[in-house]
Amino acid sequence: DAGVTQSPTHLIKTRGQQVTLRCSPKSGHDTVSWYQQALGQGPQFIFQYYEEEERQRGNFPDRFSGHQFPNYSSELNVNALLLGDSALYLCASSPESTYEQYFGPGTRLTVT
Amino acid sequence: AQTVTQSQPEMSVQEAETVTLSCTYDTSESDYYLFWYKQPPSRQMILVIRQEAYKQQNATENRFSVNFQKAAKSFSLKISDSQLGDAAMYFCAYDRDDKIIFGKGTRLHILP
């Protein structure tokens with residue numbers, strides 16, 4: 001079992017551009033959550049996908065959007081990138097209940 | 001709104017000694033989950049221990065145990081027989097309705 005995987009590992013973008021990050025959940029998991037972790041901070045919840053729909057959303061602007069595919073993998077899209085979007089983006093997958101949440105290694109996004 | 005507070009940004013402990021990391025949280029709910037996560041330099045967020053709020057018995061996982069005081073909204077982590085591999089950021093987290101709220105973390109140094 002490969003666990004939760006994320007791609008790419010690192011990414012450098014220019015302010016104003018758009019970015020897509022990808023996540024493959026652990027085998028048997030159908031729920032995917034995304035978090036943003038700024039340097040020196042704890043992760044902040046962005047949103048959660050279940051059955052291809054956004055089920056919960058944190059306090060993030062509409063520039064942050066996502067998608068879940070029938071195979072439960074997920075994408076996080078960020079439009080009109082700002083310098084403040086530079087962070088580690090973590091994906092976590094879980095079965096029906098989040099108390100069994102497993103995290104991926106993250107994607108480090110740098111916006112210049 | 002739920003919040004999680006970790007008042008110790010950094011701590012150090014001698015190898016083989018015991019250390020306790022503090023965490024307080026704020027919620028009006030009666031049923032929820034609490035977690036401690038470990039994030040080593042590899043960035044992978046690893047679940048250390050979890051506690052269900054309706055259970056009065058403190059959770060234990062090998063060298064890791066918690067002191068859960070529901071009325072005081074306190075959830076501390078005790079690491080016994082500290083090992084060099086325990087060096088990491090430790091995050092206290094709260095889960096209610098499928099959304100995990102993290103504290104800002106405590107960086108733990110293990111002194112050989």
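Below or above, wherever it landed, is the structure these notes cover.

## Structural notes on the side chain of A:Gln6
Residues and elements named next belong to chain A. Its place among the elements puts Gln-6 in strand E1 (residues 5-7). Of the polar contacts made by the side chain of Gln-6, one reaches the backbone oxygen of Tyr-89; its length is 3.0 Å. At 2.9 Å, the side chain of Gln-6 and the backbone nitrogen of Gly-106 are in polar contact. In contact with Gln-6, other than residues within four places in its own chain, are Arg-22, Cys-23, Trp-34, Tyr-89, Leu-90, Cys-91, Gly-104, Pro-105, Gly-106 and Thr-107.

## A look at the sheet that holds strand E8 (residues 74-78) of chain A
Two orientations exist for strands paired in a sheet by backbone hydrogen bonds: parallel and antiparallel. All names here are of chain A. Taken in spatial order, the four strands line up as E1-E3-E8-E7 in an open sheet, and their pairing is antiparallel. The strands lining the two open edges of the sheet, one partner per strand, are E1 and strand E7 (64-68). Looking at each pair of strands side by side, their axes are set apart by 20° on average, direction ignored. Bridge count for E1 against strand E3 (residues 19-24) is three bridges, and the pairing is antiparallel. Bridge assignment links Ser-7 to a residue of E3, and that residue is Arg-22.

## Topic: the interface of chain A and chain B
Taken residue by residue, the interface counts 24 residues in chain A and 18 residues in chain B. Approximately 1800 Å² of surface area, both sides summed, lies buried where chain A meets chain B, with 49% of it carried by carbon and sulfur atoms. At the boundary of chain A and chain B, one finds zero salt bridges. With three residues, strand E6 (residues 53-57) of chain A is the single largest residue contributor to the side of chain A that touches chain B. For the side of chain A that touches chain B, a count of residues per class yields eight nonpolar, 13 polar and three charged.

Cut-off values and rules
- Residues numbered from 1 in each chain as written.
- Chains lettered and ligands numbered in written order.
- Predicted model: local features only at pLDDT ≥ 70, side-chain atom pairs only at ≥ 80, totals over all residues.
- Heavy atoms only, no water.
- Helix = DSSP H or I, 4+ residues; strand = E, 2+ residues; numbered from the N terminus.
- Polar contact = N/O pair within 3.5 Å; in protein donor to acceptor, adjacent residues only side chain to side chain.
- Contact = heavy atoms within 4.5 Å.
- Pairing = 2+ DSSP bridges.
- Axes fitted to C-alpha atoms, helices over the stretch in contact; angles between N-to-C directions.
- Buried area = accessible area lost by both parts, 1.4 Å probe.
- Salt bridge = Lys/Arg side-chain N within 4 Å of Asp/Glu carboxyl O.
- Nonpolar A, V, L, I, M, F, W, Y, C, P; charged D, E, K, R; others polar.

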